[in-house]
Amino acid sequence: MSMTDPQHTNPVWTGRLTQWRTSMLTRCRDAGAWCVALIKGPSNTLPLVPSENIAGRALVTVIAIMTFLAALTAVSAQMIASAATDWQTSVATEMTIQVRPVPGRNIDQDVSRIVSLASSFKGIREVKPYSKQESEKLLEPWLGSGLSFDVLPIPRLIVLKIEDGSLVDSAGLRKAITDQWRHATLDDHRVWIARLAAMARSVVAVAVALVGLVMVATALAVAFATRGAMAGNRSIMEALHFVGATDAFIAREFERHFLILGLKGGALGGCLALVFFGAAHLFASTWLGSPGGEQMETLFGSFAIGYSGYLAVVMVAIVVAFLTALVSRITVTRTLGTLT
Amino acid sequence: MVRFENVGLRYGMGPEILKDLSFTIAPQSFQFLTGPSGAGKTTLLRLILLSLKPTRGLISLFGSDVSQIAPDALTAVRRRMGVVFQDFRLLDHLTTFENVALPLRVQGQEEARYRSEVIELLRWVGLGDKIDAIPPVLSGGEKQRAAIARALIAKPDLLLADEPTGNVDPSMAQRLLRLFVEMNRMGTAVVIATHDIALMNQFDDARRLVLGDGRLHVYD
C-alpha cells in the first residue's frame, strides 16, 4: 500500500506526517538561526573578545594544518576502501577452466566441448578459450621467446566472464566438467577473493585506525592551542565576571569567538585538502599514459574523490570548528570556577 | 548590607591570614579600609566580592547568608556591587564608552537605552572628550576614572574600590575622592581600600576599618 495512494490514505497518519514535517522544519530553522546568531553575535557592538590577535592567528594556523592532515587521511582511507572493493569486484567477475593435455585425447576437441558446456550455464556472459599459441605466449615472459613448446605439456585456459550481478552455479559447473573431463579443473578464484578480501579488510582497518589517530591528534592539538589562546584572554574573563556577566554569557562570547576561529581554520585546511586532491587528480590524469600511472590507477583509482570525499572534507572541517568552540567553553567554565 | 561574623581565612594548610573578622557595612555608609601593605585589604574585598570563600565564620550580603546562595543567584548579588580594581581591568580593545557600558551590556540592555546615560557619566567623571579612545591611549588617571565610571554605571548599592588613588597624583586623588563622596551622597555605600593616610585625612568623618596582624579594628 502506498502512502500517497488517495484510496488508502489514512487522514490520521497524513495529519501526523504534516505535523512532524512542520515541526522538523521549525526545528531546522531554529537551529540555523541559533548558529547564525552565535556566529554573528549582538548587532552594532564590538565583540567582547578581540577578534584579531597573535594567539588567534596561531590557533587558526594550527587548526588549518590539522584539518588538512585529518581530511587527507580520511579521504585517502576512503579511496583505499573503494579501490579494495574494486579489486575484489573485478576478480570476482571471472572464472578460469584449465584443461591439461592427456595422452590419447584431442585437447582442442575437449576445449571446444567445454566451451559449449560453459556457455550453456546461466550467468556466463562470455567464454574465451586461449589457443595453443596464446597459451604459449603467456609463458614467454618466464621461459623466453623462440623456444619450441611442443615437448612441454602446456595446459589450455578458458576464461569465463560473469554477467554483472549474476550468481553462477560454480559447484554445478565444476561437477559437470570434472564428471566428463577428469583432466580439467575449474578455478572460481574463491581462494584469491578470500585472500584479497582479507587484505582489503586489513588495509581499510589500518586506514580507519589512522583516521582515528589523526582525529585524536587533531582534537588534542586543537584543544591545547585553544587553551593557549584562552590563557591570553583570562583578564577579559575576569573583567566580565566582576562587572556582573553570567557564566553562560561569558561562555557564549568565547564560544562564538573560537567557533569563528575554528571555522576559519577548518575552511582553510579543508580548501587546501581539496586543492591537493584536485592537483593529484590532474597529475594522475596526465601521467595515466605511462606504465607507472596505470599501476597507480590500478592500486588507488584515479584520485577522483567524488561527493563522499567532498563530504568527508567538509565534515572534518565542521567537526574541528565545533571542537574548538567546545574546548573554549570547557576552558571558560573551568576558569570561571576558579574565580568563585 | 554586609555582615561578617567571626570570619577566618587561610590558604590551604597555611596560617590564618584573616582572623575573627566581625563587622557590618550599613547602607549609604562611607568607610576606608586601611592597613599596611600585605595586611589583607584586597583579600577582604575579595571575600565581599564572593571571589573567595571563608574558611570559617558567616558572611551575609544584602540579607542573605552567602553560603546558602545558589550558584546561579550569585551573579544577581554581584550586580548589586560595583568594583574598582587597583589595575583597572579595562578591556584594551574596547573604547572608553564600551568599557563603561559593559555592566549594562552584560545584563542584555540595548545600547540605545543606555547611551545617553553612559555619556553623561563620562562627562561627569571628566572623560567627555575620551568617549571613543581606547584604554592604551589614556593616562593612569583617565583609566582610573573610566574604571570608576564602569563601577558606578549600574548604580550599585555597594561600591568597593581597591587603592583607587594608587596610580594618580595628589590633586587627581582628591578629585577622585570627591567622586566617591558624591556617589555616597546619592545613596551608594562606599568602601575604599587604601593606605594613603593623606587621602583619609581629607575625609575625617568617614568610618575606618583598620587591618593589622590579620585582625580588624573598627573606628566609627
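Everything numeric in this text was worked out from a predicted model, so none of it was measured.

Attention shifts here to the overall build of chain A. When helices and strands are counted, chain A shows 10 helices and four strands. Going from the N terminus to the C terminus, chain A shows its helices and strands as α-α-β-α-β-α-β-α-β-α-α-α-α-α. In chain A, which comprises 340 residues, the share counted as buried stands at 26%. For chain A, contacts bridging at least 24 residues in sequence account for 85% of all contacts bridging at least 6.

What follows concerns the nonpolar core. Judged by nonpolar contacts, the single largest core of 112 residues is most densely connected at Ala 71, Val 75 and Leu 240 of chain A together with Val 100, Ala 149 and Leu 160 of chain B. Counting residues per element, this core draws most heavily on helix α2 (residues 54-92) of chain A, which supplies 15 residues. Those residues in contact with Ala 71 of chain A that sit more than four places away from it in its chain are Gly 269, Gly 270, Ala 273, Ala 312, Val 313 and Val 316 of chain A.

To continue, consider the environment of Leu 274 of chain A. Examined against the element boundaries, Leu 274 of chain A turns out to sit in helix α8 (residues 247-287). Residues Leu 274 of chain A and Val 313 of chain A lie 39 residues apart in sequence; the distance between their C-alpha atoms is 7.7 Å.

On any regular strand, side chains alternate: one points to one face of the sheet, the next to the other face. All names here are of chain A. Summarising the sheet, strand β1 (residues 94-99) and strand β3 (residues 156-162) pair through six bridges and their orientation is antiparallel. Within β3, the residue paired with Val 99 across the bridge is Arg 156. As defined by bridge partners, strand β2 (residues 124-129) adjoins β3 across five bridges and the pair is classed as antiparallel. Bridging across to β3, Val 127 finds its partner in Leu 160.

Before going further, it helps to spend a moment on the interface of chain B and chain A. With 21 residues of chain B at the contact, the number on the chain A side is 17 residues. Listed by contribution, the elements that provide at least two residues to the side of chain B that touches chain A are α2 (74-78) and α3 (96-105) of chain B. Examining the composition of the side of chain B that touches chain A, we find that four residues originate from one element, α3 of chain B, more than from any other. Residues belonging to the side of chain B that touches chain A are distributed by class as follows: 10 nonpolar, four polar and seven charged.

As a further point, take the sheet that holds strand β5 (residues 64-65) of chain B. Residues and elements named next belong to chain B. With respect to topology, four strands assemble into an open sheet ordered β2-β1-β4-β5, the strand pairing being antiparallel. Two strands bound the open sheet, and with one partner strand each, they are β2 (16-25) and β5. Most of the contacts of helix α1 (residues 41-48) go to strand β1 (residues 2-10), to which it runs at about 120 degrees, and overall it touches β1, β2 and β4 (56-61).

Bringing helix α3 (residues 107-119) of chain A into the picture now. Structurally, the α-helix is built with 3.6 residues per turn, so residues lying three or four positions apart point the same way. Residue and element names in this part refer to chain A. Compared with the 18 Å implied by 1.5 Å per residue over 13 residues, the 18 Å span of α3 between its first and last C-alpha is a close match. Every buried residue belonging to α3 is among Val 111, Ile 114 and Ala 118, and all of these are buried. The buried residues of α3 occupy an angular sector of 65 degrees when projected down its axis, which confines them to one face. Away from its buried face by more than 90 degrees, α3 exposes Gln 109, Ser 116 and Ser 119. Of the surrounding secondary structure, the elements contacted by the buried residues of α3 are β1, β2, β3, α5 (170-180) and β4 (184-187).

Now for the packing of α8 of chain A against helix α10 (residues 306-339) of chain A. Describing two packed helices takes the angle between their axes plus the distance from one axis to the other. Residues and elements named next belong to chain A. In contact at an axis separation of 7 Å, α8 and α10 are set at 155 degrees when each is read in the N-to-C sense. Classed by the angle they form, the pair α8 and α10 counts as roughly antiparallel. The interaxial crossing formed by α8 with α10 has right-handed handedness. Of the residues that constitute the contact of α8 with α10, the class distribution is 22 nonpolar, eight polar and three charged.

Attention now moves to the confidence of the model for chain B. Scored by pLDDT, chain B comes out at a mean of 91, with 100% of its residues at no less than 70. Two numbers describe this predicted complex: its pTM, 0.67, and its ipTM, 0.88.

A separate point is the sheet that holds strand β9 (residues 207-212) of chain B. Residues and elements named next belong to chain B. Pairing in this open sheet of six strands is mixed, and the strands run β6-β7-β8-β3-β9-β10 from one edge to the other. Strands with a single pairing partner mark the edges of an open sheet, and in this sheet they are β6 (81-84) and β10 (215-219). Taken pair by pair, the neighbouring strands of this sheet meet at an average axis angle of 15 degrees, ignoring direction. Across five bridges, β9 lies against β10 in antiparallel orientation. By the bridge assignment, Leu 211 is partnered in β10 with Leu 216.

All names here are of chain B. For Leu 50, which is not glycine, the phi dihedral falls at a positive 70 degrees. Following the sequence through the fold, Leu 50 ends up in the loop between α1 and β4. Classification of Leu 50 by C-beta neighbours within 10 Å gives partly exposed; the count is 19. The backbone phi angle of Phe 62 is positive, close to 50 degrees, even though this residue is not glycine. Residue position: Phe 62 is located in the loop between β4 and β5.

Cut-offs applied
- Within any chain, residue numbers begin from 1 and follow the written order of that chain's sequence.
- Chain A is the first chain written and ligand 1 is the first ligand written, with later ones labelled in order.
- A pLDDT threshold of at least 70 governs which residues receive local features in this predicted model, and a stricter bar of 80 or more applies before side-chain atom pairs are shown or counted, although totals over entire chains, interfaces and linings include all residues.
- Labels follow the DSSP assignment, with helices taken as runs of H or I lasting at least four residues and strands as runs of E lasting at least two, numbered in each case from the N terminus.
- Put plainly, a residue is buried at 20 or more neighbouring C-beta atoms within 10 Å of its own, exposed at 12 or fewer, and partly exposed in between, counting only other residues' C-beta atoms, which are placed from the backbone.
- Once C-beta atoms have been placed from the backbone, residue pairs whose C-beta atoms lie within 7 Å are recorded as contacts.
- By convention in this section, buried Ala, Val, Leu, Ile, Met, Phe, Trp, Tyr and Cys residues joined through C-beta atoms within 7 Å make up a nonpolar core.
- Think of it this way: DSSP has to see at least two bridges between two strands before they count as a pair.
- Note on residue categories: nonpolar means Ala, Val, Leu, Ile, Met, Phe, Trp, Tyr, Cys or Pro, charged means Asp, Glu, Lys or Arg, and polar means any other residue, Gly included.
- Axis lines are fitted through C-alpha atoms, for helices just across the contact stretch, and the angle between N-to-C directions can take any value from 0 to 180 degrees.
- Working rule for helices: expected span equals 1.5 Å times residues minus one.
- In this context, the arc is that of the directions from the helix axis out to the C-beta atoms.
- Throughout, the term roughly parallel applies to angles under 35 degrees, roughly antiparallel to angles over 145, roughly perpendicular to angles from 65 to 115, and oblique to all others.
- Should the near helix be turned anticlockwise from the far one by less than a right angle, the crossing is left-handed, and should it be turned clockwise, the crossing is right-handed.
- For every residue, the predictor states its confidence as a pLDDT score lying anywhere from 0 to 100.

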